[in-house]
Amino acid sequence: MWFRLAWKNLWRNKHRTSITTAAIFFAVILSIAASSLQDGVFDNFIKNMVSYYTGYIQIHQQGYWDHQVLDNGMLRNEQYETRIRGQKNITAMAPRIESYALASFKDLTKGCMVVGIHPEEENKITGLQKKVIAGDYFDHNGGNTVILSEGLAERFSLQVKDTIYLISQGYHGALAAGKYLIRGFVSFGSPELNDQLLFMPLKTAQEFYAAPDLVTSYVLGLKFDKTLESTVSNLRQISGDTYEVMSWKELLPDVDQHIKMDKGSMYIILGILYLLICFGIFGTMLMMMVERRYEVGMLVAIGMKKGILAMLFLTESIFTVIIGSVTGLLCSIPLVYYLKEHPIRIGGEMAETYKRFNFEPVFPASTDPSIFITQGLIVLGIGLVLSLYPVITVFKIDPVKAMKK
Amino acid sequence: MKTVIDAHNIKKIYNPETVPVVAVNNVHLHLERGEFTALVGPSGSGKTTLLNLIGGLDKPDNGSVIINGVDITRLSANKLIDFRLHNIGFVFQSFNLIPVLSARENVELIMQLQHVKKAEINVRVTSLFRQIGLEDKMDVRPAQLSGGQQQRIAVARALASRPQFILADEPTANLDTKSADNLLDIMAKLNKEENMTFIFSTHDQRVIERARRVVTLVDGQIHTDSSPVSVHADYPVTA
């Protein structure tokens, strides 16, 4: 009977119920869409940054990150590598040797970053092969060939199969010099990476720098990026003091800071949105209680206990909040999936600005189920807290005063 | 005769600390089972306040209200609600049926609050609708009924809990002559056949004429307590 009465009461003023339900419905959709876009943009940004080059986790010789010189590199340790690869969240482990060199072609010279890579392992983490826009990716052997980033190649006006000259300082002060056949070009979304990277097979780079078996970092790929912190913690336990294990947040602190700041401003926007929801719901509840004050007084007068009346009003409010939240949640799913499949793309100067800050100028949406659950629950919680207003009013009501017209 | 209501020396003052208004002043009222009593008096004489005190909706500042042997002024708010549910029927001036429920559901509601079994509810509802002559309107919502019909449903709702007595606050005030007469016929019949006790507050001369006892209030005090004819002669009742 009470459920039936609550349900019927819900529709006694269709406009009021519709307004309240619509307020909750749109609140859920807006908060989910905003959070999904925010998370999607940052996930994409992190993925770009991490997958293009940094990786989710890097392992170096202790102290390398503060003084990034070849002399702080580490000798490859097969036993250690096997242990790391055996961790359940690790999908790939790519050894690298990285250092700077001067690249020359004809009468032009430019600084570049030489990255010695294991072609197959590197490809698992950064998908480097997919970024090849001209020529070929390294085969198993690799040989004495290099792959240049697009911006660097344009600077030199290079073609595939041209030869580039490199000169640098090798391991322990040795002179490093060599000429290399250009195998292909790769393109990066990040202008910073696109203008300076030069890849060569690990063995070739080790020979170039006169550092056999030396690597400067292990770059790790993860199966689940949400478990980054626990994975880092595990690896630190395995690595002891010999190696330093760093997550992308430590490798790219500016990016992490930027994300935190941007998320902070998004919380303010969401807070304003929640406040609007509160006013919307509370306004209609206030209206409802004014309208039904006489009736509540009458029901108490004829013998309905206030507890039962409060339950009745609570049930009505819960019905409204649940209808709004669930329909909002259900409608937001296709919307968010659509935004994931067809991300918002921005163009013009804005896109250029984004590129300058290493952002891809696209706004994909994240379909992480926790967003739907969290936002749905927050709005549901707001609705339920506000539902206490009619309950409190019922408990405070004096039937004599309530029935005075 | 069994005493149903024994209000003793009751007093109610509104705004005692600012502008005190003595709504009911040292009233003694004793009602036996089966009485058909009208409380009359000009506006502001304290009729509704006295009904509220007798009905346990309000508490007196002084005195006691004993219903069926229970001093309701000593009951807690929750127990008072429960007492009202089982002992007092209310009929209000503006019907106050729940608009989203059918006529039958409005009457059933009070019995459901009393946890009466479903089978018994059905029997009592059918009987009540027969008594008020609205068997064909059981599944109709209040908005589809006339004012008179709604007030008859309100009477059925008041009777549904099998109360000790029914308090009716100006029950005919919003009704046309025919509907008012019809309602009074039903109430008089219930009073006669089932010995149901009725107390009305009213300005309506028709109610006063049909009451077997008329209590006149002036300035919160009982002015006269007698038959309608003598009241009519003694104190001119106007709306």
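Quick notes on the rules
- Residues numbered from 1 in each chain as written.
- Chains lettered and ligands numbered in written order.
- Predicted model: local features only at pLDDT ≥ 70, side-chain atom pairs only at ≥ 80, totals over all residues.
- Heavy atoms only, no water.
- UniProt positions renumbered as here; feature names shortened; annotations may be inferred.
- Helix = DSSP H or I, 4+ residues; strand = E, 2+ residues; numbered from the N terminus.
- Rg over C-alpha atoms; globule rule 2.2 N^0.38 Å.
- Buried < 20%, exposed > 50% of the residue type's maximum accessible area, 1.4 Å probe, protein only.
- Contact = heavy atoms within 4.5 Å.
- Areas by Shrake-Rupley, 256 points an atom, 1.4 Å probe, with all protein chains shown as cover.
- Pairing = 2+ DSSP bridges.
- Axes fitted to C-alpha atoms, helices over the stretch in contact; angles between N-to-C directions.
- pLDDT = per-residue confidence, 0-100.
- Buried area = accessible area lost by both parts, 1.4 Å probe.
- Salt bridge = Lys/Arg side-chain N within 4 Å of Asp/Glu carboxyl O.
- Polar contact = N/O pair within 3.5 Å; in protein donor to acceptor, adjacent residues only side chain to side chain.
- Nonpolar A, V, L, I, M, F, W, Y, C, P; charged D, E, K, R; others polar.
- Patch = residues over 30% accessible without salt bridge, like charges linked within 9 Å, V, L, I, M, F, W, Y side chains within 5 Å.

- Per an unreviewed UniProt entry, chain B carries the name ABC transporter ATP-binding protein and comes from Fulvivirga imtechensis AK7.
- On record in UniProt, under Sequence similarities (unreviewed entry), the comment for chain B is "Belongs to the ABC transporter superfamily. Macrolide exporter (TC 3.A.1.122) family."

- The name recorded for chain A in an unreviewed UniProt entry is Transporter, from Fulvivirga imtechensis AK7.
- Among the UniProt annotations of chain A, the heading Sequence similarities (unreviewed entry) holds the following wording: "Belongs to the ABC-4 integral membrane protein family. LolC/E subfamily."

**Looking at the overall build of chain B**
Piece 1. Scanning chain B for helices and strands turns up eight helices and ten strands.
Piece 2. At 18 Å, chain B has a C-alpha radius of gyration in line with the 18 Å of a compact globule built from 239 residues.
Piece 3. With respect to the three principal axes, the spread of C-alpha positions in chain B is 50 × 40 × 40 Å.
Piece 4. Evaluated residue by residue, chain B yields a buried proportion of 58% over its 239 residues.
Piece 5. Partitioning the intrachain contacts of chain B with sequence separation of at least 6 by distance along the chain shows that 68% fall at a separation of at least 24.
Piece 6. Of the roughly 10,100 Å² that chain B leaves accessible, carbon and sulfur atoms contribute 49%.

**So, the sheet that holds strand E9 (residues 213-218) of chain B**
Residues and elements named next belong to chain B.
Piece 1. Taken in spatial order, the six strands line up as E6-E7-E8-E3-E9-E10 in an open sheet, and their pairing is mixed. The open sheet has two edge strands with one neighbour each: strand E6 (88-91) and strand E10 (221-226). Averaged over neighbouring strand pairs, the angle between their axes works out to 20° when direction is ignored.
Piece 2. In this sheet, E10 lies alongside E9 in antiparallel orientation, the contact comprising five bridges. Within E10, the position partnered with Val214 by the bridge is Ser226.
Piece 3. Contacting strand E3 (36-40) and strand E8 (197-201), helix H6 (residues 177-194) runs over the sheet at an angle of about 145° to E8.

**Let's talk about the confidence of the model for chain B**
Residue and element names in this part refer to chain B.
Piece 1. With 94% of its residues at a pLDDT of 70 or more, chain B shows a mean pLDDT of 88.
Piece 2. Looking at the elements of chain B, mean pLDDT is at its lowest for helix H8 (residues 228-234), recorded as 43, and at its highest for strand E4 (residues 62-67), recorded as 94.
Piece 3. In the predicted structure, residues 228-239 sits below a pLDDT of 50 and forms 22 contacts with residues beyond four places in sequence or in another chain.

**Description of the interface of chain B and chain A**
Piece 1. With 23 residues of chain B at the contact, the number on the chain A side is 24 residues.
Piece 2. Together, the buried faces of chain B and chain A total about 2,100 Å²; carbon and sulfur atoms form 68% of this surface.
Piece 3. Among the residues chain B hides against chain A, the three largest losses belong to Ile81, Val100 and Leu113 of chain B. Together they make up 24% of the total.
Piece 4. Applying the counting criterion to the chain B and chain A interface returns three salt bridges.
Piece 5. Where Glu105 of chain B meets Arg4 of chain A, a salt bridge forms, and the shortest distance between an N and an O atom there is 2.8 Å.
Piece 6. Taken together, the links from chain B to chain A amount to six residue pairs in polar contact (both at pLDDT 80 or more).
Piece 7. Taken together, the residues of the side of chain B that touches chain A sort by class into twelve nonpolar, five polar and six charged.

**Re the pairing of strand E11 (residues 217-222) of chain A**
Residues and elements named next belong to chain A.
Piece 1. A large share of E11 lies buried, amounting to six of its six residues.
Piece 2. Taking every second residue as pointing to the same face, both faces of E11 are buried, with Ser217, Val219 and Gly221 on one and Tyr218, Leu220 and Leu222 on the other.
Piece 3. Sheet analysis places strand E1 (residues 57-61) next to E11, joined by three bridges and oriented antiparallel. Residue pairing across strands places Gln58 opposite Val219, the latter belonging to E11.
Piece 4. Across six bridges, strand E3 (residues 90-105) lies against E11 in antiparallel orientation. When the sheet's bridge partners are listed, Ala94 is paired in E11 with Val219.

**Quick word on the side chain of Lys12 of chain B**
Residues and elements named next belong to chain B.
Piece 1. Among the secondary structure elements, Lys12 is positioned in strand E1 (residues 3-14).
Piece 2. Of note is the side chain of Lys12, whose polar atom sits 2.9 Å from the backbone oxygen of Lys59.
Piece 3. Discounting chain neighbours no more than four positions away, the residues touching Lys12 are Val21, Val22, Ala23, Val24, Thr49, Leu53, Asp58, Lys59, Pro60 and Asp61.

**Some words on a nonpolar patch on the surface**
Piece 1. Taken together, the side chains of Ile322, Val326, Leu330, Ile333 and Tyr337 of chain A define a hydrophobic patch exposed on the protein surface, amounting to about 420 Å² of accessible area.
Piece 2. Note that Leu330 of chain A resides in helix H12 (residues 306-341).

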